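# Understanding the architecture of this molecule
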Amino acid sequence: CTNIPELFLDKYVARSHFSRFGNLVNFVLRPRRMTCTVSYATEEEAETALLEGDTFNGHRFGICFADNESSPAQKTEEWVDPDVQAELSALSAGWRSEYPPAKVPKAPNPAPLPAPPAAQKNPPSSRERPGAHHKELENLLRRPAMTAEERYRVLDARDKLLRLNQIQKQARDLQNSGTATQGHCPDMCPEKERVLREFQRQVAVYELQPGSDEHICHERAVKQYSRSSADQETPLPHELRNEKALHMTMSYLMHEIMDIRESSHLGDWFHFVWDRTRSIRKEITQQELCSLGAVKLVEQCARFHIHCAARLVGADPSVFDSKINAENLTKCLQTLKYMYHDLRLKGVQCPREAEFRGYIVLLNLADANFLWDIGQLPAELQSCPEIRQAIQFYLALQDTNFVRFFKLLREEQTSYLSACILVTYFPRLRVLALHRLIQAYRAPRKNEVSSLPLAYVTEMLGCGSQNEAAHFVRHYGLEVNRAGRVVLTRMHTVEADYKLDRQLELVESKRQQSVGECICGEPLPPRDLYLNHRPHNSFNEHGVLKSVAWSAKDQLPGMSKEEVQQSHSQSQQKFQKDQAPGDNFFKVPMQPSSGMTIFGGPPPAAVPAAAQASISGFSFVSPKNRAQELHEQAQAEQQQRRAAEEARRLALEQAIAVAKQREAELMAIQAAKAAEAQRVRQQKIREREEQEEQQRRQQQQQEQEEKQRQREEAERLQLERERQQKLEQLRHVERQQREARLKEQTLQMYGQLFGETLDELCRKEVQLHKHAVSTYNSLLDTLTHQLAERQMQQSAYEMGLMRVYWRRWRNYRGVQQHKDTLFNQLPLSFGAEAADRLLDERCVEDSLRLMRRYRQGEACDFRRLLAGMEEQSWLKLDLWRVLEQCLPQHQPGARRFFKLIISLPDGQAGLQLEYDLDRGLLQQPQSPDARQEQGNYIRGLSQGIALSVVKISGGYPSLGQRKELLQADGIICLAGVSDLKNLPQRLKLLIQASGCHDVALILQHPSNSYPEPQLPLEELGVRQWRVFLARQSGNTRQRLMTQLQHAVKFLASGEEEELHALQQTEVREWVIENMGQELFRRLKYTAEQDVAIGRRCERCPQYCADLYNEAVRRLQLVAGEDLSDCRQLPEELRVFVDPLEDSAPLATQRLEYFEPGWKLPAPRQRIVQLLELAKLPKMPPLPERREDRHLQEEAQCQWVLDYAQLSQEEELVEAIAMQAITCLQSGEDQYIDFVQLLAGERLQYILRRELELPRAIVYRVATMKRHFLSAWFYEFQKPEAEPPQQHPELEPDYMEESIWDDLDHLDFEAVVNQAEIALGKCRKRQEERQTLKEINGSSEANTQPDQPPNQNQDSDSESLPKRQ
């Protein structure tokens, strides 16, 4: 079954499904392939399951009968034909094979003696079994094998025969029985194992053919490791790989397998490589190989286990067991020690011995006995760098000097493989290091708790990241607080050891090569070593075992193809000669001259003399008694039976010889066919070459003809091109003449049209100018009067305040002078100190110094005055006071909010900067109204400023810190000169995490003058930035605080731009205010001032509706604008917001009082949809003009009623229609009032129906001014006009006469002169207004220095659209 459901991965579910169709015999599940195999007791049950069992819970899967699913435990006897088996059993008593049994008697051949009847009737079974077994195996070798299982049966029979022969030879030659077997298998995997694993389906994923999940790829198969056991047979030479094949196998593993562990399953990769390398080591041991090549192979196996010790250290124990890996590594190193010793005795020096002696020392650092082993080595090995470096690690580990240990590990001299071995010492060494840190830095008292920065602990423990260090200390009971510090308490005793993760920074970063090159220890061998190799095949194209492969001699390294064929032909000829039948049917077959049979055994026993005499002729002897006659008759019958058996045996051998002769003839015919095919192939090659030569000549001739044709075509095209150019010139001349005539006519018409249009424009501009001048004069007078009156009131108010505060200051100064006089008269300033403190000379030293300064006139030494007072709060930088001076304010007395991020670098420089910040920055507010909350570095309220400061130590924010960075107002990045390389990446992460684009960089430099660095901050999305330089000197902390103060002022000044950027208003009030009377008032005013717009509004009601819909669309743009990039109040500062009263209005510009979720797009989209419903539908065409007045009014009323039904509520249609008709019958601006009535009623209906509107809306003030409050009426394009028949009253002639019939014709020069006079007056009044504004601005700046200079400009800009 293929593509089975996932529920079938539970065997109980699968068995329950298939057991419905019959009794299950066997069930095999393959989860990786999503297949299974089901065996039933009968074929009927299997057919029922095949027809009905392919569906489970609606899931259909493939099901079919399995092919060649025979069990591998099937006996060999079942493969033999029963008739052949009966004949072989009958002939086994008198026939011997080349392969004798295991125990061969050493007695010489005895003389032939007649056996007693009892002995002849029951021959011993020990003589019958070996011959029959040999015959069975030999018959099996001759069978054709097409499947993998059949080939395994044939090869297994061949190996059994060879083992029997090997046992006989060992019995003959006992002296060579103790030598090791030398293999000569040329493949990476023996042929027998390949076919066995294929039909047993034990093929690894790396050995499968591409596109198949069960067939083995013979070029990629590698020999599998088999565990040694007592009943395991000794491997034959062709089952063991020689040294060249072992090197080819290791080269294939390093090239193709070692570097694919990332893309495949890690456990499968490790177990596959481990199994194949263990097989290589086993064959080296079985063959007792001791050479430089064998040493190289074992070294590569050891490097693989060293690499896995670090790469798989964090893997699950089911995938990788470090103890088993260490055991295999120890065995490899022990084998290498013996090989190095044996080769040194032979005078051979191994080039990599020093490297692996160092690995042996590093693996045994916890045991000092390795020093004795080092002393036994030669002097050049004792002083090699690898041994000396390993001893340095041993000394650091013995002294628990973890700093020295990790420093040596980070050095470039420490190789990657050495670091992999040292990974095993990390957990225990870090535990000892943490214990030392607790002992050194813990608090001396019981109730006190000390802590260390997590970055410092990470550096001391040699961890790759702070998260790894935090996980390690938490495993042993220590805590990490919110400030990123490790609380040094008592370590807990844990039951389970700490599971170490991958050491990417310390260990794996040292590997600069691929895994294969690292394990090889040198450049990888060429791929041709295994790519050009073809696996051995012992079978011919008919699936029959080759005759030369019977003894496996075709796998010998010296056998070429010609020698193999020659040996094959000789064996065939010898076999046919030995098997030739004789003249007599009962005659014994002819034996070889050497006295041996064709299978190498001794000749059969001679026929007894009595039997020979009875066969050769008659003899006249005396008559015999009845018993003797019966005995002779029995002997004659027995001889006849033997003669018949011998005849059958000769017939069988003759059939075999004929079959072999036929096979030889077929091979000869095949060879002749191959030669003929080769000849035909060569003939075809020659013919193909001749055809190619002929084609090449034809192609050259065609190319020459093509070139000639191209030249002729080019000449023809050139002539055609010249003719076309002449025609083009003639057309161009005619075109110029025609254009000249058209231009002359156009100029004439343009001059005539220009004069007419100019007269019309001048008349219109004169009228507009008169109205503009009058409006400007009245407006200027009104504003001048208001400004003068407001200025006088302001001056009077300021003079009154000055008198009051001058009086207060004079009184306060008098009191202070009186206090100073009394203070100078005192003998000692003690400040209400205790009596015992006044007697202490050190306590009163400061007071005495002040007295000497005031009484004796000594200069004040501020260094002595401030000595030892660095920790006092009044000498620290107060951020609340700095922000109170420079942070802009919405209104007097309102609280201001600011969130700041301070980023520190990594390493020692970051720790020093953190120390200076803790000592120089005031973290607790000191004002009377101060409040402080837990969380963040600084979080408090003082002097009306709510401040939150987040400090990031380490440069890059972690996942937990990214939430704390949101909604920040500024970033201060502290860095040194050495941190400039990583600064852009560090700022990029901070900007992405916080969303803040204002950055201040404080750069510490060691020199007196340092140029400002050029950083690509604009590419990171920074809006504004500034670099502050701080020189490192004795007063570094004071310089740092000064630059920090400047940076805070710079960041706070940027908040002024967004002070009035947003506005919050109640939704219903905002809609009614903007879409109500104010909108139509502006439309009416525009219609009065602009003649063209006024005429359109009077004549076309659809135009008024389009104006209203355009206003709604512009208000939709304001409501639907994306505000996700706007500034938002930080959540941690919301606790400092003053609560509002219940009756307080929603309209505000202060972020702290904005409604929750004001940035979300869903509420804003709801408002946009509401405005879309408020738009008016398209009006039907106006009724045609009629002469009868009553009919005209009736048609107009019907038109109003129809449109009211389209746009208004159904219940109020008649009432609204009556109001609209009344509006149309009275008033000048008829259609504007008509549209205002319908739009207002529709808006009220929409607002009454929508009950779930958002409470408030937040919008950008600049967007509101640009889209809605601007004079967009003049830029509005009227929609396409309706067809003329629908608006007969809007004929062009009528429109032109109605617009211009009341205008007088004016002279052009007179209009221009009047326009110049009006413009001169306008310029003069603008200059006067500018002078008055400068005077007022200077007076306001003197009286109110704290007022923002752009406040008046903003108010003017807000009211500007309304004046229009």
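Reading the values: rules and limits
- Residues numbered from 1 in each chain as written.
- Predicted model: local features only at pLDDT ≥ 70, side-chain atom pairs only at ≥ 80, totals over all residues.
- Heavy atoms only, no water.
- Helix = DSSP H or I, 4+ residues; strand = E, 2+ residues; numbered from the N terminus.
- Buried < 20%, exposed > 50% of the residue type's maximum accessible area, 1.4 Å probe, protein only.
- Contact = heavy atoms within 4.5 Å.
- Arc of directions from axis to C-beta.
- Polar contact = N/O pair within 3.5 Å; in protein donor to acceptor, adjacent residues only side chain to side chain.
- Axes fitted to C-alpha atoms, helices over the stretch in contact; angles between N-to-C directions.
- Parallel < 35°, antiparallel > 145°, perpendicular 65-115°, else oblique.
- Left-handed = near helix turned anticlockwise from the far one by under 90°.
- Core = buried A, V, L, I, M, F, W, Y, C linked by side-chain atoms within 4.5 Å.
- Pairing = 2+ DSSP bridges.
- Patch = residues over 30% accessible without salt bridge, like charges linked within 9 Å, V, L, I, M, F, W, Y side chains within 5 Å.
- Areas by Shrake-Rupley, 256 points an atom, 1.4 Å probe, with all protein chains shown as cover.
- Salt bridge = Lys/Arg side-chain N within 4 Å of Asp/Glu carboxyl O.
- Lys, Arg positive; Asp, Glu negative; His and termini not counted.
- Charge placed at Lys NZ, Arg CZ, Asp CG, Glu CD.
- Expected span 1.5 Å × (residues − 1).

Counting its secondary structure elements, the protein contains 44 helices and 16 strands. Here the protein holds 1364 residues, and 37% of them are scored as buried. For the protein, restricting intrachain contacts to residue pairs at least 6 apart in sequence, the fraction spanning at least 24 positions comes to 75%.

The next point concerns helix α2 (residues 43–52). At 3.6 residues per turn, the α-helix brings residues three or four places apart onto the same side. Residues Glu45, Ala46 and Ala49 constitute the buried set of α2. Buried residues of α2 fall within an arc of 100 degrees about the axis and therefore sit on the same side. Of the residues in α2, the exposed ones pointing more than 90 degrees away from the buried face are Glu43, Glu44, Leu51 and Glu52. In this structure, the buried residues of α2 make contact with β2 (35–40). Near the N-terminus of α2, the side chain that reaches the backbone nitrogen of glutamate 45, with its oxygen 3.4 Å away, is that of threonine 42.

A few words now on the packing of helix α9 (residues 266–287) against helix α11 (residues 322–345). Interaxial distance between α9 and α11 falls to 13 Å at its minimum, and their mutual angle equals 25 degrees. One element, α9, and the other, α11, form an angle in the roughly parallel class. Considering the relative orientation of α9 and α11, their crossing is left-handed. Residues Phe270, Trp274, Arg278, Arg281 and Ile284 of α9 touch α11, and the partners they reach there are Ile324, Asn325, Asn328, Lys331, Cys332 and Met339.

Here the focus is the nonpolar core. Core analysis: the largest hydrophobic core is formed by 106 residues, its most contacted members being Ile284, Phe304, Leu365, Phe405, Phe426 and Val507. With sequence-adjacent residues up to four places away left out, valine 507 is seen in contact with Ala310, Tyr416, Ala419, Cys420, Val423 and Phe426.

We now examine the sheet that holds strand β10 (residues 938–942). Read from one edge of the open sheet, seven strands run β9-β10-β11-β8-β12-β13-β14, paired in mixed fashion. What marks the edges here is a single partner per strand, and that holds for β9 (931–932) and β14 (1024–1031). Across five bridges, β10 lies against strand β11 (residues 945–953) in antiparallel orientation. In the sheet register, arginine 939 faces β11, and the bridge partner there is serine 948. Of the strands in this sheet, β8 (896–904), β10 and β11 are in contact with helix α29 (residues 879–886), which crosses β11 at around 125 degrees. Helix α32 (residues 1036–1053) rests against β8, β12 (970–976), β13 (998–1005) and β14 of the sheet, and its axis sits at about 165 degrees to β13.

Moving on to a positive patch on the surface. On the surface, a cluster of positive charge is contributed by Arg803, Arg807, Arg808 and Arg810. In this structure arginine 808 comes out as exposed when scored by relative accessible area, which is 53%.

This next bit is on helix α30 (residues 907–920). End to end, α30 covers 20 Å across 14 residues, agreeing with the expected 20 Å (1.5 Å per residue, within 8%). Turning to α30, its buried residues number three or more, namely Gly910, Leu911, Leu913, Glu914, Asp916, Leu917 and Gly920.

So, on to the pairing of β8. Most of β8 sits inside the fold, with nine of its nine residues counted as buried. By the alternation rule, side chains of β8 split into Arg896, Phe898, Leu900, Ile902 and Leu904 and Phe897, Lys899, Ile901 and Ser903, which are all buried. Where β8 lies against β11, nine bridges are found, and the strand directions are parallel. Looking at β11, one finds that arginine 896 is bridged to isoleucine 945.

Further remarks concern a nonpolar patch on the surface. A surface patch of nonpolar side chains, about 380 Å² in accessible area, is lined by Tyr797, Leu801, Val804 and Tyr805. One can find tyrosine 797 in helix α25 (residues 626–825).

Turning our eyes to something else, we now look at the pattern of salt bridges. Any two side chains of opposite charge can pair, given that their charged atoms come close. Summed over all chains, the structure comprises 49 salt bridges. In this structure, arginine 430 and glutamate 468 form a salt bridge, with 3.4 Å as the shortest nitrogen-oxygen distance. Taken as a pair, arginine 430 in helix α18 (residues 426–441) and glutamate 468 in helix α20 (residues 466–475) lie far apart in primary sequence, 38 residues in all. As far as burial versus exposure is concerned, arginine 430 and glutamate 468 are alike and both buried.

What follows deals with the environment of arginine 1166. Tracing the backbone shows arginine 1166 in helix α37 (residues 1161–1173). Classification of arginine 1166 as partly exposed rests on a relative accessible area of 30%. Put simply, arginine 1166 and leucine 1253 are 87 residues apart on the chain and 7.3 Å apart in space, counted from C-alpha to C-alpha. Ignoring any residue separated from it by four or fewer positions in sequence, one finds arginine 1166 in contact with Glu1250, Leu1253 and Pro1254.

Turning our eyes to something else, we now look at the side chain of asparagine 540. Note on placement: asparagine 540 falls in the loop between α22 (528–531) and α23 (561–578). For asparagine 540, a relative accessible area of 18% translates into the label buried. Within the structure, asparagine 540 has its side chain in polar contact with the backbone nitrogen of histidine 542 (distance 3.1 Å). Of the polar contacts made by the side chain of asparagine 540, one reaches the backbone nitrogen of valine 544; its length is 2.8 Å. Discounting residues that sit within four places of it in the chain, asparagine 540 has contacts with Lys546 and Glu663.

So, about a negative patch on the surface. A surface patch of like charges, here negative, comprises Glu687, Glu689, Glu690 and Glu692. Summarising the element assignment, glutamate 689 is placed in helix α25.

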